[in-house]
Each structure stands twice: as C-alpha cells, then as structure tokens.
Amino acid sequence: MATARRRRSRNRLKPPVEPRSGVELDDIFQRLRESGRAFDEERLRRVYEYSLAKHGDQMRASGEPYVTHPLHVAYLLAELGFDEVCVAVGLLHDVLEDTLAERDELRDEFGEELARLVDGVTKIGRHAYVQRNEVQAETFRKLILASAEDIRVILVKLADRLHNMMTLEHLEPESRVRIGRETLEIYAPIALRLGMSRLQGDLQDLAFYYLYPKQFETLDSRVKEKLKIGRTASRKISDRLQKELAEAGIEADISSRLKRYYSIFSKLRRQGIDISQLYDYLAYRVVTGSIRDCYAALGVVHQAWRPVPGRFKDYIAMPKPNLYQSIHTTVLSDSGQPFEVQIRTQEMDLVAEEGIAAHWRYKAGRETGTGDHNIVWLRQLIDWQQEVDDPRAFMSALKIDLYPHEVYCFTPKGDVFTLPRGATPLDFAYKIHTDLGHHCVGARVNGKLVPLKTALRNGDIIEIRTSPGRVPSRDWLSFVVTSRAKSKIRNWLNTEQKKRAMEIGRRMLERELRKHKLSPKKILGGQRLAKYLVSEGLASNEDLLSRIGFGKLAPRVVLDRVLDAEQLAVEAEAPGALRQAVAKMLPFGSSPVTVRGSGDLLTFLAKCCNPLPGEEIVGYITRGRGVSVHSVECSNVKNLLYHPDREIEVEWARQDDEVFPIMLSIETEDEPGMLARLTEVIARLGGNIRHIEAAAPEPGRGQIDVVVEVRNRRHLEKLRQALRGVSGVREVDRRMGGVAG
Ligand code: MN
C-alpha cells in the first residue's frame, strides 16, 4: 500500500507512452501479417520458446516474468514493420547477456545470422556511456553505429531501449536518470538519424517525463489549458483549410498535431520564452496524393492566410539529411496568431514518421529491382561516407561499416575519442595530451598490458602508463598513425636536437671569445651581431648558436665579422674558466702527457686507443677522473665531439729544452733566393737550424740538406708541410739515420 501511494504521488501523470499490455506471440504474428511479409511461424515459435526457457524464472523490476521484455521488444519491431529476422533477434536479444546461453549454442540452434545479430546487440549494450559534452555524445553515437556492423542490430537496440523507457518507473531513481540521459543524448538522436521521428519523439518524451517530472507536469497542464482555449479557433482553421482545398479541387487529408512535449520544452528553453508566447504548438498537416498537389495546396494556403516572411521551408525540393520531405510554412490567422502548415504526400508522411521502417515496408512491397534506389536512400539516411563496391551485396547482408576510417576508444573515466583505423595506444595518448604521449611507457587495453604498437579496436578502454623520465624515441615514428602524434614526436626530437646544438654552439662561441678576453654578453646583444644575423639570414641568436653547434658555422668566422681587429688581437693566456675549475678540483700528478696551458691536470691514456708517444692526441675532461687522452683517430673521439666544451688540448710531455735534430733533404728548382726563403720558413715555425748545405747536382735542379731541431713529430710534420708549400720546392724528405754534428 505504502509503495502504491508513493508511486502515485511521485507521478501524478501517467508516462507519455505506455507499453501495450499483455503482448503475446500471436500479437506479433498479427503485426507481421499486416506488414504483408512471409515468415516462418514455427521457427519464431521455437525462438520464443528458447528465450522463455533461457530466461526461466528471471523477473523484471516490475515483477513480471523477464520474457515479457523480449516479447515486447519483438512486438515493437513487428509493429514498426521490420522482418522476421529482426523480430527473432528481438526475442533473443538478452539471452547472451543475461542467461547462460552461448553464442555457439545460438548458432547451432538458429544459424549464424541470428547468432551474429544477437551478439551485436549484446556488444552495443556493453559500451558504457558517461555523460559529457556534445562532442563526446556525438562520438559515442558514432561508436554505437560503428560497432553495430549490421543496421538491424541498431533497430533492435532502439526497440529494446523504447521498451525499457516505457517501463522505467520500476527502476531506482539513479538508474532512471542515467538511462534517461543516455536515451536523450544517444538513442533519440540515432533514431532521428534513421529518420524514425515517432520513435525519437517517444524516447524523448519518456526521458523528459523521468528526468524533469515537475517541468513535464507544468507543461502538460499549460498545454491542455491552451488547447482548450484555442479549440474553437483551431477548428475554424481546419474547417477553412478543408473548404479552400476542396474548392481548388485538391484531395487532401487534413489533421492537426500537437508538437511533442520535449520539442516544446526545448524550444521554450532555447528561446527563453514562456508557453503563453508559443503559438505554433499546433501544426496543421495536409497530406496529398502527389507532389504537384503539395505545391497547389501551398498556393491555396498562402492565398487564404498571410505567410510569415522567412518561415517557409521546402524540404520536398531540399530533403533533410535523414531524407525527411515536406513543405513547411507559417501563416497568420485572422486574429493575427501564427500557425504552421506542413504539406506532404502520403509516402513522405510515412517516411517522416517512421524513416527506415517505412523504407523496410516499401522494400517488402517491391522485393526486386529497387536495390539502387534503396541503397541511395539508406546510405544518405545514415550519413554513409564511403563508396561501396557492390551496392547489392551491401544491401543483401545489411552489413554496415559506417565509419570505415575511424575507431572509437575510451579513457578509463569513460571519455570517448575518435581515432583513425590502425591507431595505437600511443596515438591515443597524444590525442589526450602531449605530455601523456611524451612520457608514455606502456598501455593497458581493456585491462591487459599491450605493446605500444597494438592497433586499437572500437570500444577499447585504454589506460596510458607514464614515467616522468621517459622521452619520445625516434622509432615511435614508425608505428604511430595520427599526424598529431607524428608531429608532436618530430617536434620534440627537433627541439631537443636544436636545444643541444644551441648549447654546444654557445660553449664553442664562449671558448673562442675567452681567447680574446671577451665576454659573450658584449657581443650577443650588440649592434654588429644584429647586422651580421641579418646579413646571414638568421632569425635570432638561438639560430646562430644552433648553426655553430651543428658545425655549419665556425665561431672564429663569426668573431672575424663582429669584432674589431684590436679586440681580436688580444689573445688570452689564461686557461678558460672550465679548465681552471677542473684544475682546482684535480690533484697534481705526473704523466707522460701534459695539458697545454695548464700543466697540472691529471691525465691518463684512454684504454680504447692507447695513444703512443708522438701520435697526435686530444684530451677530454672526464667527470672527476681527470683528463683522458685519446688518439685523434680514436672512434670514441667522434662521439665525444658532442661535448666540445670538454675537449682540451694536450701534448706529449717533454723537457722544455728537449729537441730532436733531424735531417731534411729538399729538392728544388734552381732559383735565386731559394735558400733564403726556406730558412725564413723554418725560423718562423720555431725550428732551430744546426747545419745547412746547398748544391746544384745538375742544371736547373737544387739540392738543399738541412739539419734542424724539432720538438716532436707534429712539429716535424708542420715544418715539412710548410716547406712543401714554398714555391720552387719539389720534394721534402726526411733522411733517416745518423745526423751529422
Ligand atoms: Mn533488453
């Protein structure tokens, strides 16, 4: 008793759409017969009995046996004019989800087609919709359409939802709100997409009733009041319409319809008006036998009443995307109140109410030969985006792949995102947030850890795992498919590379500047540098530094252009700051190698190349271990070039006075002044000449032997090269063996 009273006080009004009570299998057969379809009664009976047996003692929240629900869903499908297969799927649609039945069993009992369709309905039901914004809702609608794969799956799902909405009062308030919202945001728009405007209206009004009971009640009483007051006026309009059309010789059915409650409610809310300001709550409908009569009727209406400018719409010439066709016009009544007249043919009227269902009946009537027309119709109806190779095959299977280039995936919180087919968890991560992509270390799809290159599927729930230390890697580019992920990864790699190059460039420039006892500040903000940048087509200091860092520009070249000759002339003798700092940190030590300009650094010979005394060497400042000394040929040296700031000049240790006499044999042209030129070069390079001898062994040829003191092999090589560069010198050879005096 208490329950009954509470229920009555909660809903003084009845739900706007109520289920037909006591539906039985025979009612379904009756509806199927009415739609003029052949069907296998025995088979449907078997399907029903299977469903009955599977659901067994299960009860609905209403206290009725569970099977009343599939029975009712099947009835709605038959009533809408869908075929035997749809009806059978309606009867079976909950057995996979709610009973112990298995897909294989279904297939063995009733064949693959039914099993596949029931499986499809079950899968759709598993996508959990979390209310978000309109974009999310649209993506979710696409997911529902995309995961259906067969349009009949959607039809059954819509009938299922309609019956659930009709019986929503038996559920807890929380469930009512959740299901009501989902209906409003997902299923009603899908019904509209399929042109099923009556079903859409039923779903919306039921949702309105449960989500906004107070507003529903207020609207209901105000509308009824309005209808009562306006009754005489509206009868006058209907009568006059009738009379005028008859006089013009146009056969037409005239009726007036109250707008759907939810549609009135939305309009009032959208326009911020009160119901007293709403005039077109009634629409007059004129249904004729032909398109020609539609336009003739329009002329009659516009002659009888004055049309409101801007309120005429010709959806016959320009059908809506869901193929709705009708003429709409708003005119002013004699008392000055506007009202709407809708004019259409019978066929258009049927399509306007039932959409795809009307199409089904149309198809049933003409079983063959209309394939192409139907394809166009259906494709447009559901916003088909792809060309189909063989339309007939497509139609016969009713297989749909509405969004063949997209997949829809969820975050763990239920946000749904659109991605291209073949997209990976990494694409998903970048779609959500750049940082989520950059630091991505792994992903769980539907709870399972998967490789980052796994292709995602419709409805997957993806959890991205990150680590702050993770950064993008170049090989990610080989498997991500979204341009967003690609560009974000590339961007990161380029920026990182450029950052590194800039840092290297900065240090190289600073080192060059220190040689001239100059600070970077002096030149980096200066006029001359600005001019130089412009002349080189560089945008900024950063550009300059990264060019230096990438090795495309030598710092010395820059300084030559930016500094004065006298600034350049000051050569710093002090070692650089870094070197000084390192020198302070490191203990003194003795070594076969010394660091030039700072003899007190700890050095050791690198194990990788073990340079030999006399070989050309180069030093690198290690972290805390002193200076490692490599042969310039060492392959590690090339890697170390990434840190030019740590490079340091070294040379083999020697006593200051230690020199080695060697003999060079120089072959020359026999030219005057040759000897003077050679000695001048030797002196300039710091070679001390101990002995020199010149001769002319044959005409035109000179032979000069010189004993010169050199410090090391490098010194010797420099000397030889310089001598070879002197004009008139043909060859310079080192004479091995004893050196005289
Ligand atoms: Mn169901």
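Residues numbered from 1 in each chain as written. Predicted model: local features only at pLDDT ≥ 70, side-chain atom pairs only at ≥ 80, totals over all residues. Heavy atoms only, no water.

## A word on the coordination of the manganese ion
For the manganese ion, every protein donor is listed as His 69 (NE2), His 93 (NE2), Asp 94 (OD) and Asp 160 (OD), and the spread of their distances is 2.2 to 2.4 Å. When the donor residues of the manganese ion are listed from N- to C-terminus, their spacing reads H-x23-H-D-x65-D. Residue His 69 is found in helix α4 (residues 68-79), and its partner Asp 94 is found in the loop between α5 (84-92) and α6 (95-98); the two are separated by 25 residues along the sequence. (Donors = N, O, S within 2.8 Å, 3.2 Å for Na, K, Ca; no water. Helix = DSSP H or I, 4+ residues; strand = E, 2+ residues; numbered from the N terminus.)

## Quick notes on the layout of surface pockets
What the largest pocket holds in volume is close to 1100 Å³. Lining the largest pocket are 32 residues, and of these Gln 200, Lys 259, Arg 260, Ser 263 and Gln 342 lie nearest its centre. Here the residues of the lining of the largest pocket sort into 8 nonpolar, 10 polar and 14 charged. Each of domain 1 (13-213) and domain 2 (230-354) contributes no fewer than three residues to the lining of the largest pocket. (1 Å grid on protein atoms, 1.4 Å probe; cavity = no way out; pocket = protein on both sides within 12 Å on 5 of 7 lines; lining within 4 Å. Points joined across faces, edges and corners; volume = space filled by probe spheres on them. Nonpolar A, V, L, I, M, F, W, Y, C, P; charged D, E, K, R; others polar. Domains from an automatic or database assignment.)

## Quick notes on the sheet that holds strand β11 (residues 462-466)
Taking strand neighbours across the sheet as the criterion, the 3 strands line up as β10-β9-β11 in an open arrangement whose pairing is antiparallel. The two strands at the open ends of the sheet, each matched to only one other strand, are β10 (448-450) and β11. The average undirected angle you get between the axes of adjacent strands in this sheet is 35°. Relative to β11, strand β9 (residues 440-445) runs antiparallel, the two being bridged by 5 bridges. Each bridged residue has a counterpart across the sheet, and for Arg 444 the counterpart in β11 is Glu 463. Docked against the sheet, helix α21 (residues 425-432) engages β9, β10 and β11, running at close to 80° with respect to β11. (Pairing = 2+ DSSP bridges. Axes fitted to C-alpha atoms, helices over the stretch in contact; angles between N-to-C directions. Contact = heavy atoms within 4.5 Å.)

## Digging into empty space enclosed by the protein
One pass over the full model with this rule turns up 1 cavity of 30 Å³ or more. Counted as a void, the largest cavity has a volume near 40 Å³. Lining of the largest cavity is provided by Arg 43, Leu 44, Val 47, Glu 84, Val 85, Ala 88 and Leu 114. Of all elements in the fold, only α3 (41-55) and α5 reach the threshold of two or more residues within the lining of the largest cavity. Looking at the lining of the largest cavity residue by residue, the class counts come to 5 nonpolar, no polar and 2 charged.

## Focus: the side chain of Thr 424
Here Thr 424 is to be found in the loop between β8 (416-420) and α21. What makes Thr 424 buried here is its relative accessible area of 1%. A polar contact of 2.9 Å, which involves the side chain of Thr 424, links it to the side chain of Asp 427. Residue contacts for Thr 424: discarding those within four places in its chain leaves Leu 452, Lys 453, Thr 454, Leu 456, Phe 479 and Val 480. (Buried < 20%, exposed > 50% of the residue type's maximum accessible area, 1.4 Å probe, protein only. Polar contact = N/O pair within 3.5 Å; in protein donor to acceptor, adjacent residues only side chain to side chain.)

## Details of the pattern of salt bridges
Tallied over the entire structure, the rule returns 47 salt bridges. Here Glu 113 makes a salt bridge to Arg 152, at a shortest N to O gap of 3.0 Å. You can see Glu 113 sitting in helix α8 (residues 112-126) and its partner Arg 152 sitting in helix α10 (residues 151-166), a full 39 residues away along the chain. A relative accessible area of 35% places Glu 113 in the partly exposed class. With its nearest N and O atoms 3.9 Å apart, the salt bridge here joins Glu 680 to Arg 684. Of the two residues, Glu 680 and Arg 684 both sit in helix α31 (residues 674-684), 4 residues apart, roughly one turn of that helix. Among the residues examined, Arg 684 registers a relative accessible area of 59% and is labelled exposed. (Salt bridge = Lys/Arg side-chain N within 4 Å of Asp/Glu carboxyl O.)

## Concerning the sheet that holds strand β18 (residues 660-669)
Strand order in the open sheet formed by 4 strands is β19-β20-β18-β21, and the pairing between neighbours is antiparallel. In this open sheet, the two edge strands, each paired with only one partner strand, are β19 (688-698) and β21 (729-735). Taken over all neighbouring pairs, the strand axes of this sheet differ in orientation by 20° on average, direction set aside. Along the sheet face, helix α32 (residues 713-724) touches β18, β20 (701-710) and β21 and points at about 155° away from the line of β21.

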